[in-house]
Amino acid sequence: MVKTKSSSIIGKIIIYALLILLAFLMLVPFAWMLSASVKYNKDVFSFPMKWIPDEFIWENYSTIWTRIPLLTFILNTFKLTIIVTVLQVLTSSFAAYAFSKLRFKGRNALFLGYIGTIAVPWQAYMVPQFMMMREFHLNNTHLAIICLQAFSAFGVFLMRQFYEGIPDELCEAARIDGLSEYGIYRRIMLPLSLPAISTLVIFTFVTTWNDFLGPLIYLNSTDLKTVQLGLRMFITQYSSDYNLIMAASVVSLIPVLIVFLALQKYFVQGVASSGLKG
Amino acid sequence: MPSQANKSAAAAATPVKKRGMKKETREALIAYSFIAPNFIGFCVFTLVPVIFAFVLAFMEWDGVHAAKFIGLDNFIRMASDPNFKAAFVHTIVYVIGTVPTTIICALALAILLNQKIFARNFFRTVSFFPYVASLVAVAAVWNMLFNPSMGPVNQFLASLGVENLPKWAAGNDTAMLTVIMFSVWKNMGYYMVIFLAGLQGTNPELYEAASLDGANKWQQFWNVTLPQLAPTTFFVTIMVVIQSFKVYNEVYMITQGGPGTSTLVLVYQIYNEAFIGTPEYGYASALSMVLFLLVLAVTIIQFKAGEDKDAPKKKKHAKKAA
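Everything numeric here is computed off the predicted structure, so don't read it as measured data.

Calculation rules
Residues numbered from 1 in each chain as written. Chains lettered and ligands numbered in written order. Predicted model: local features only at pLDDT ≥ 70, side-chain atom pairs only at ≥ 80, totals over all residues. Heavy atoms only, no water. Contact = heavy atoms within 4.5 Å. Buried area = accessible area lost by both parts, 1.4 Å probe. Salt bridge = Lys/Arg side-chain N within 4 Å of Asp/Glu carboxyl O. Polar contact = N/O pair within 3.5 Å; in protein donor to acceptor, adjacent residues only side chain to side chain. Helix = DSSP H or I, 4+ residues; strand = E, 2+ residues; numbered from the N terminus. Axes fitted to C-alpha atoms, helices over the stretch in contact; angles between N-to-C directions. Left-handed = near helix turned anticlockwise from the far one by under 90°. Nonpolar A, V, L, I, M, F, W, Y, C, P; charged D, E, K, R; others polar. Phe/Tyr/Trp six-rings, centres within 6.5 Å; stacked < 30°, edge-to-face > 60°. Buried < 20%, exposed > 50% of the residue type's maximum accessible area, 1.4 Å probe, protein only.

Visitor: Would you mind going over the interface of chain A and chain B with me for this structure?
Guide: Interfaces are frequently sized by the accessible area removed from exposure as the parts join. Across the contact, 82 residues belong to chain A and 90 residues belong to chain B. For the pair chain A and chain B, the summed buried area comes to about 8,000 Å², and 79% of that belongs to carbon and sulfur atoms. Seen at the junction of chain A and chain B, the total is 0 salt bridges. Between the two partners, chain A and chain B, sit 12 residue pairs in polar contact (both at pLDDT 80 or more). If one sorts the elements of the side of chain A that touches chain B by residue count, helix α13 (residues 242–273) of chain A sits on top with 15 residues.

Visitor: Which parts of the structure should I look at to understand the packing of helix α3 (residues 70–101) of chain A against helix α2 (residues 23–56) of chain B?
Guide: Packed helix pairs are characterised by how far apart their axes lie and by the angle those axes make with each other. In the contact formed by α3(A) and α2(B), the axes pass within 7 Å of each other and the chain directions differ by 145°. α2(B) is crossed by α3(A), and the crossing has left-handed handedness. The residues of α2(B) that touch α3(A), namely those facing A:Thr91, A:Ser92, A:Phe94, A:Ala95, A:Tyr97, A:Ala98 and A:Phe99, are B:Ala31, B:Ser33, B:Phe34, B:Ile35, B:Pro37 and B:Asn38. Taken together, the residues that form the contact of α3(A) with α2(B) break down as 9 nonpolar, 4 polar and no charged.

Visitor: Honestly, the packing of aromatic side chains in this entry has me stumped. Any pointers?
Guide: Two aromatic rings, taken as a pair, are described by how far apart their centres are and by the angle between their planes. If you walk through the whole model with that rule in mind, you get 49 aromatic pairs over all chains. Aromatic pair A:Phe45 and A:Tyr242: ring centres 4.9 Å apart, planes at 75°, arrangement edge-to-face. With A:Phe45 in the loop between α1 (2–37) and α2 (59–67) and A:Tyr242 in helix α13, this pair connects stretches of sequence that are 197 residues apart. A relative accessible area of 11% means that A:Phe45 is categorised as buried. Each ring, one from B:Phe54 and one from B:Phe292, has its centre 5.8 Å from the other, and the planes form 90°; the classification is edge-to-face. Of this pair, B:Phe54 sits in helix α2 while B:Phe292 sits in helix α13 (residues 281–321); the two residues are 238 residues apart in sequence, bridging distant segments of the chain.

Visitor: Help me understand the pattern of salt bridges in this model?
Guide: Side chains bearing opposite charge may pair, as long as their charged atoms lie close to each other. Applying the stated criterion to the full structure yields 7 salt bridges over all chains. Residues A:Arg67 and A:Asp241 are paired through a salt bridge, measuring 3.0 Å at the closest nitrogen-oxygen approach. In this pair, A:Arg67 is assigned in helix α2 and A:Asp241 in the loop between α12 (227–237) and α13, connecting sequence segments 174 residues apart. For A:Arg67, a relative accessible area of 32% puts it in the partly exposed group. The partner of B:Glu280 in a salt bridge is B:Arg77, with the nearest N and O atoms 3.0 Å apart. Here B:Glu280, found in the loop between α12 (266–275) and α13, pairs with B:Arg77, found in helix α3 (residues 73–79); they are 203 residues apart in sequence, far enough to count as distant.

Set out below in structure tokens:
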């Protein structure tokens, strides 16, 4: 008895030691970023380092807006991210409903086609996709980014997996009550699939907000660029203004942090119930 | 737009039925109307380019002059292209370095964060945050932390008395290691969430039975946890492998493919051939085909290897459903 108790205490100590190490590894870069963003540039790399500077240089956060059109970049990214996320969630959940709850000819073949393309990396067809968009005169427009991000097979797959877990009897009962398929989708499936939708919103929001290669290929004009491109531009142009780079980085992280924290309680549930575990 | 058009098409289909349209046809029309908005976008912007990519791989095209069919010349050219050799080898090295490390770290994290511990949600959020954080921003921090001359990591190592401080992203030998470390740190939180979801589906009775039989924690992990997690591990492995073959951003942000060509990877070369200097769309597409075939081959091998393990898993699922 005594032996198990002491060994369980040792176990606890090991677990918490690991947790502290984990939090340290995960958070230190962010803490360092925050700390450097309110320092004088000359103090960023001072050793031994001070986590909390003697003097907070809040001007760093006002200077960055004058060095590059950061506000334009942020608004562009918001616009793209919101449109892509709304389109993605609507069209995916719509299609997923048919794949999961309706019977029609060619359902399995069509779904297999969808799944097949998940395995084809985007990077393998980005070149012909770019040339096609150029033919449509969509290069250097936001529409190009929207078109290539909004209709992913992944969203359909994720939503369908979740709908599979909702009993068919529920839809049958609604049909007998005279609800149309569109009514069932809107009144029953959408409200029930909140965890899956949250998961998809997080994924889509994060992917679009953080996308780099897509905007790099398609957006050339400065007034169209996204935060990621802008930040990269900033880093290249002012490569030794470390404090400003860190301040701009902090600003670029905030929107994602807000969305993530707002939706994260649904997240593990969403991943679990959408059967991403295969 | 397409969604509205299809809705009205389906609405039009409903009265038609009263004039005697078959129930099945009507149902199929409704189903297609659900799928159409996504499927049309998917066809135009994904399926067509995928097919186009296969054709382009056998052509020579700079985007200005007419495209010319050149058969297998693009692929023959690869054999004598030192950049391709470098990119191919580095992609494989990156995959081998990243896949097992990511899976082991993610699994360890998930098991740790599945315990009944204080502030569990905080720790889960913390481990997931690097995945959602903007790549450009976190890469900027990494580059500063691992700055060979001024960075805190090397300052710390120096204070411990380490000589020959590693040059990290700037060193020929350490550049790839730096990229791999960064990728694992950035992405393991995502796979941890999937493992967590898998762990929550495990059967607690099996652990009770195992501990009654005198199995210690380590034995329980090998004989109860791992077998139950097999489907999750399979899924995660496939995802990590595919993601790793596609690596580009991490390399671009940390090393720009350098120093020299020491971290040049396939997607980096594809981008360079197509978008830097004179465009070589045909050659870039041929390189894309190599990437695609690599991913396809490895995925098929994994599915074949997973088949034997799959059989008992399906039985278990059937039992659960019953």
